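Residues per chain are reported as follows:
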Amino acid sequence: MARYSPWMTSVGFVSWKSEGSGHKPFHLARHQLNPGRTIGTHRHDFDEAFWVEAGFGWHRIASSSGSQIALAVGDAVCVRAADAHGLRAGPGGLVLVNVSFPRAVGVALARGRQAHWPWRPGGPPRQRALAPSAMQRLHDWTAELSRADAGRADLDAFLLDLVRLMRRPEERAGLPPRLAQATVAFADSGGLTGGTVALARLCGCGAAHLNRLCRRWHGCTASEVVARLRLDWAGRELRLTPRPIADIAVACGMPHLGHFYRRFRTRFGTTPKAWRDAAWGLFAPPAPTAPTAPTAPTAPTAPTAPTAPTAPTADARRSSVP
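**Student:** Kindly report on the packing of helix H1 (residues 103-110) against helix H3 (residues 152-167), identifying the contributing residues and their values.
**Tutor:** The angle between the axes and the distance between the axes are what describe a pair of packed helices. The geometry of H1 relative to H3 is characterised by a closest axis approach of 11 Å and an angle of 60 degrees between their N-to-C directions. Classified by the interaxial angle, the pair formed by H1 and H3 is oblique. Crossing hand, H1 versus H3: right-handed. Of H3, the residues touching H1 (which contributes Val105, Ala108 and Leu109) are Arg152, Leu155, Asp156, Leu159 and Leu160. Grouping the amino acids of the contact of H1 with H3 by side-chain chemistry returns six nonpolar, no polar and two charged.

**Student:** Residues and numbers for the layout of surface pockets, please.
**Tutor:** There is about 210 Å³ of room inside the second largest pocket. Looking at the second largest pocket, it is lined by 13 residues, and the ones nearest its centre are Arg80, Arg103, Trp119, Arg120 and Pro121. Here the lining of the second largest pocket gets four residues from one element, more than from any other, and that element is H1.

**Student:** Residue-level account of the packing of aromatic side chains, with values.
**Tutor:** Enumeration over the complete set of coordinates arrives at 10 aromatic pairs. Measuring from ring centre to ring centre gives 5.0 Å for Trp117 and Trp119, while their planes differ by 50 degrees; the resulting arrangement is tilted. When its relative accessible area of 3% is taken as the criterion, Trp117 is described as buried. Centroid distance Trp141 to Phe158: 5.9 Å. Interplanar angle 65 degrees. Geometry classified as edge-to-face.

**Student:** Tell me about the nonpolar core, and please be specific about residues and values.
**Tutor:** Membership of the largest hydrophobic core comes to 31 residues, with the highest contact counts inside it found for Phe186, Leu199, Cys203, Leu210, Trp233, Cys252 and Phe260. Of all the secondary-structure elements, those providing two or more residues to this core are helix H4 (177-188), helix H5 (195-203), helix H6 (207-217), helix H7 (222-240), helix H8 (245-251) and helix H9 (257-268). When residues of this core are assigned to their parent elements, the largest contribution, nine residues, is made by H7. Ranked by size, the runner-up nonpolar core spans 27 residues in total, among them Val97, Trp141, Leu145 and Phe158.

**Student:** Tell me about the pairing of strand E7 (residues 85-102), and name the residues and values.
**Tutor:** Taking burial as the measure, the 18 residues of E7 include 14 buried ones, the bulk of the element. Where strand E2 (residues 27-33) meets E7, seven bridges bridge the pair, whose relative direction is antiparallel. By the bridge assignment for E7, His31 is matched with Leu96. Pairing of strand E3 (residues 38-44) with E7, which is carried by three bridges, proceeds in the antiparallel orientation. Across the sheet, the residue bridging to Thr38 is Arg88, located in E7. Note: strand E4 (residues 46-61) against E7, 14 bridges, orientation antiparallel. Within the sheet, the bridge partner assigned to Val52 lies in E7 and is Leu96.

Conventions we followed
Residues numbered from 1 in each chain as written. Predicted model: local features only at pLDDT ≥ 70, side-chain atom pairs only at ≥ 80, totals over all residues. Heavy atoms only, no water. Axes fitted to C-alpha atoms, helices over the stretch in contact; angles between N-to-C directions. Helix = DSSP H or I, 4+ residues; strand = E, 2+ residues; numbered from the N terminus. Parallel < 35°, antiparallel > 145°, perpendicular 65-115°, else oblique. Left-handed = near helix turned anticlockwise from the far one by under 90°. Contact = heavy atoms within 4.5 Å. Nonpolar A, V, L, I, M, F, W, Y, C, P; charged D, E, K, R; others polar. 1 Å grid on protein atoms, 1.4 Å probe; cavity = no way out; pocket = protein on both sides within 12 Å on 5 of 7 lines; lining within 4 Å. Points joined across faces, edges and corners; volume = space filled by probe spheres on them. Phe/Tyr/Trp six-rings, centres within 6.5 Å; stacked < 30°, edge-to-face > 60°. Buried < 20%, exposed > 50% of the residue type's maximum accessible area, 1.4 Å probe, protein only. Core = buried A, V, L, I, M, F, W, Y, C linked by side-chain atoms within 4.5 Å. Pairing = 2+ DSSP bridges.

Right, here's the structure in full:
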């Protein structure tokens, strides 16, 4: 992560070569910014991720609005090469860890998971507040990536783990424990068909309060949370069992097959059958074949009548006279 100033005016540029990563496919650094210190607005030709270990500060996104987003302990941010951004430490300073890597690495890993890839195009850089358990994982990754023999496989494993941590809402800091536990138990308890009523019961609150909690912590209504949990369960069933698709749709609380197919495609980008086929591949069991109708027995043929003896001809009679 480069050091440029001033904070709000000029935009610098940092190349991958200037990061000085040597033979490694990534660059890892811990930055400790003194109170009021800035990392000026800049762009680069690589992607990066950083997370706040201590302190407080602001992340400036150079867009038409010139927004500044507060940074606190536990915040993780994914920055794309095209993003012009900068940092400013708060009164108590700011400590963060940064991992940068070539765009080609991200392009390769994003195949098949573009919808959940935090460096995908569009919108401001993705930022999530992570729970202490998730931050401990990132602390462990800092130690792992700092090893002298850390290479591409370690980078790939780290990035995929980071994507997972940023995707899971139950890992976000501050999520009420009862809501996190309810969403996990929702499918296990067989409450899928019960919808929001069952989720509210597991959460120990009324429907209205559940809706407020979901809007605050999940950014959507309780009905949308239920639909996501249902579809995730259906996706697991399709991958792990040969159960008919129609049965899975009913069991997850979406008995209308057309509605189930539409919602499934919206969430996973493909049909339930294609989702299952991609997971089972060559190991998919053969489709059952219709039983073959038995062949009707052949009617017995009538016996052939004996042939009558042929009368001797006149020549034969003459030749037999001595």
